[in-house]
Amino acid sequence: MIILKIGGSAITKKDAQEPTIDEVNLDRIAQEVSAYNDDMVIVHGAGSYGHIYAKKFGIGDVISNVNDHLYKLEGVCRTQASVQLLNYIICEKLHEKGVPAIGIKPSSFIETNQKRICVCDTKLIQKYIDNGFVPVLYGDAVLDQNEYFKYAILSGDQIITYLAKKLKANRVILSSDVDGIYTDNPKTNPDAKLIDIVTKDTDLLLTENENQADVTGGMAGKIRELLDLAEDGIESHIINAETPGNIKLAVSGQKVKGTIIK
Ligand code: ADP
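Residues numbered from 1 in each chain as written. Predicted model: local features only at pLDDT ≥ 70, side-chain atom pairs only at ≥ 80, totals over all residues. Heavy atoms only, no water.

Tell me about the nonpolar core, and please be specific about residues and values.
Judged by nonpolar contacts, the single largest core of 36 residues is most densely connected at I3, V41 and L163. Contributing elements (two or more residues each) for this core: β2 (40-44), β5 (116-120), α5 (123-130), β8 (151-154), α6 (156-166), β9 (171-176) and α7 (218-231). In terms of residue count, the dominant contributor to this core is α6 (five residues). Not counting chain neighbours up to four residues away, the residues in contact with V41 comprise M1, I2, I3, L4, I125, I129, P135, L137, L163 and L167. Membership of the second largest hydrophobic core comes to 29 residues, among which are I6, I11, I21 and V33. (Core = buried A, V, L, I, M, F, W, Y, C linked by side-chain atoms within 4.5 Å. Buried < 20%, exposed > 50% of the residue type's maximum accessible area, 1.4 Å probe, protein only. Helix = DSSP H or I, 4+ residues; strand = E, 2+ residues; numbered from the N terminus. Contact = heavy atoms within 4.5 Å.)

Here it is in structure tokens:
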């Protein structure tokens, strides 16, 4: 079984003022995904469909009073509706390409405690896989057991690590809008060098994407999740979804330029 993450930065225009799809990328990526015919789970990021609301409403921040709570309720509703819409658009595109994609809403069965998944029954997902479906999950706004902030943003990256362990994934592929992990952010530092292999001992400049509207920790958050996965012996591979052919090659098990986290 493989788990494929489609980065929010590849399928949406992440820095847009409003939720915006990158139609060209989505169409091509869905076509490439359809090349794989074995067990697979897809997780996609929220991109501009999630980060705009999550940031505006401060989901995951401590709730200060009754009015703030009402504001957060609106925020959770808007975030959930927006990312669910993105999931619908992605599943429709996958259906068009012949992929039996089944959208599964994370906030309907996952709860966090201190922003980490603590309730998540994966049996149903396994059943869908066993029946030949491709479950498609995504970053979402969820209930958190912490009484001070009550709600949290659950990143697609955390879902990946959790599912990879529970469902015993053979391969984990993450596609983003850069070739992999660099010594520094390649979008702002032209001297940044691509790192082939990252382990817990690799010395990295983990920037938190200050210039982007990302509330899930960007590449730094991703690396933390994937190193956690590597501790359990599951390697992951970060590749660029914007390079045509990459996803098709990666899902088929062929070598692609990128970073391996082990
Ligand atoms: P996605 O939405 O595709 O999951 P993110 O936007 O969360 O991905 O993270 C990818 C972004 O992280 C890249 O676009 C890049 O600008 C930024 N980034 C910051 N530091 C690094 C780094 N050291 N190596 C690679 N990318 C980095």
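Next comes the rest of the account.
Run through the sheet that holds β9, naming residues and quoting values.
Sheets are built from strands that pair by backbone hydrogen bonding, the pairs being arranged parallel or antiparallel. The mixed open sheet is built from eight strands, whose spatial order is β3-β6-β2-β1-β9-β11-β12-β10. Two strands in the sheet have a free side with no partner beyond their single neighbour: β3 (101-103) and β10 (197-198). As judged from the three bridges shared by β2 and strand β6 (residues 134-138), these two strands associate in the parallel manner. Note that in β6 the partner of V43 across the bridge is L137. Those strands touched by α5 are β2, β3 and β6, and its axis lies near 140° from that of β6. (Pairing = 2+ DSSP bridges. Axes fitted to C-alpha atoms, helices over the stretch in contact; angles between N-to-C directions.)

For the pairing of strand β7 (residues 140-144), give the residues involved together with the corresponding values.
β7 sits mainly inside the fold: four of its five residues count as buried. Both strand β4 (residues 110-113) and β7 contribute to a ladder of two bridges, which runs parallel. Bridging across to β7, T112 finds its partner in D144. The turn linking β7 back onto β8 is made up of six residues, and K150 within it adopts a positive phi angle of 60°.

So what's going on with the site of the ligand? Which residues, and what values?
Taken together, 22 residues form the shell around the ligand, and within it S9, K14, D177, N185 and K222 come nearest. In this structure, D177 approaches the ligand through a side-chain N or O atom, which is 2.7 Å from an oxygen atom. Protein chains shield 98% of the accessible area of the ligand, which is 570 Å² for the free molecule. Elements with a contribution of two residues or more to the shell around the ligand: α1 (8-11) and α7. In terms of residue count, α7 provides more of the shell around the ligand than any other element does, three residues in total. (Near = heavy atom within 4 Å. Polar contact = N/O pair within 3.5 Å; in protein donor to acceptor, adjacent residues only side chain to side chain. Areas by Shrake-Rupley, 256 points an atom, 1.4 Å probe, with all protein chains shown as cover.)

How would you summarise the UniProt feature "binding site: substrate" (unreviewed entry) in the protein chain if you had to cite specific residues and measurements?
In this structure's numbering, the residues bearing the UniProt feature "binding site: substrate" (unreviewed entry) are H51 and G156. The named residues occupy 106 residues along the chain; their greatest pairwise C-alpha distance, 12.2 Å, places them in one compact cluster. Following the sequence through the fold, H51 ends up in helix α3 (residues 51-57). If you trace the backbone, G156 turns up in helix α6. (UniProt positions renumbered as here; feature names shortened; annotations may be inferred.)

How would you sum up the packing of α6 against α7? Please name residues and give values.
The geometry of α6 relative to α7 is characterised by a closest axis approach of 9 Å and an angle of 10° between their N-to-C directions. By the angle class used here, α6 and α7 are roughly parallel. For the pair α6 and α7, the contacting residues are D157, Q158, T161, A164 and K165 in the first and K222, E225, L226, D228 and L229 in the second. Here the contact of α6 with α7 is composed, by residue class, of three nonpolar, two polar and five charged. (Parallel < 35°, antiparallel > 145°, perpendicular 65-115°, else oblique. Nonpolar A, V, L, I, M, F, W, Y, C, P; charged D, E, K, R; others polar.)

Give me the packing of aromatic side chains: which residues, what numbers.
Within the structure shown, the criterion is met by two aromatic pairs. Between F57 and Y71 the ring centres are 4.7 Å apart and the planes differ by 40°, which places this aromatic pair in the tilted class. Of this pair, F57 sits in helix α3 while Y71 sits in helix α4 (residues 66-96), and the two are 14 residues apart along the sequence. Geometrically, the ring pair formed by Y128 and F133 is edge-to-face, given 5.4 Å between the ring centres and 80° between the ring planes. Relative accessible area serves as the criterion here: at 26%, Y128 is assigned to the partly exposed category. What makes F133 partly exposed here is its relative accessible area of 33%. The ring of F149 is capped by K115, whose NZ or CZ atom sits 4.7 Å from the centre of that ring. (Phe/Tyr/Trp six-rings, centres within 6.5 Å; stacked < 30°, edge-to-face > 60°. Lys NZ or Arg CZ within 6 Å of the ring centre and 35° of its normal.)

Describe a nonpolar patch on the surface, naming the residues involved and giving the relevant values.
Together, V66, L70 and L73 make up a nonpolar patch on the protein surface, roughly 280 Å² of accessible area in all. When you line up the elements, L73 lands in helix α4. Under the relative-accessibility criterion, L73 is labelled partly exposed at 34%. (Patch = residues over 30% accessible without salt bridge, like charges linked within 9 Å, V, L, I, M, F, W, Y side chains within 5 Å. Salt bridge = Lys/Arg side-chain N within 4 Å of Asp/Glu carboxyl O.)

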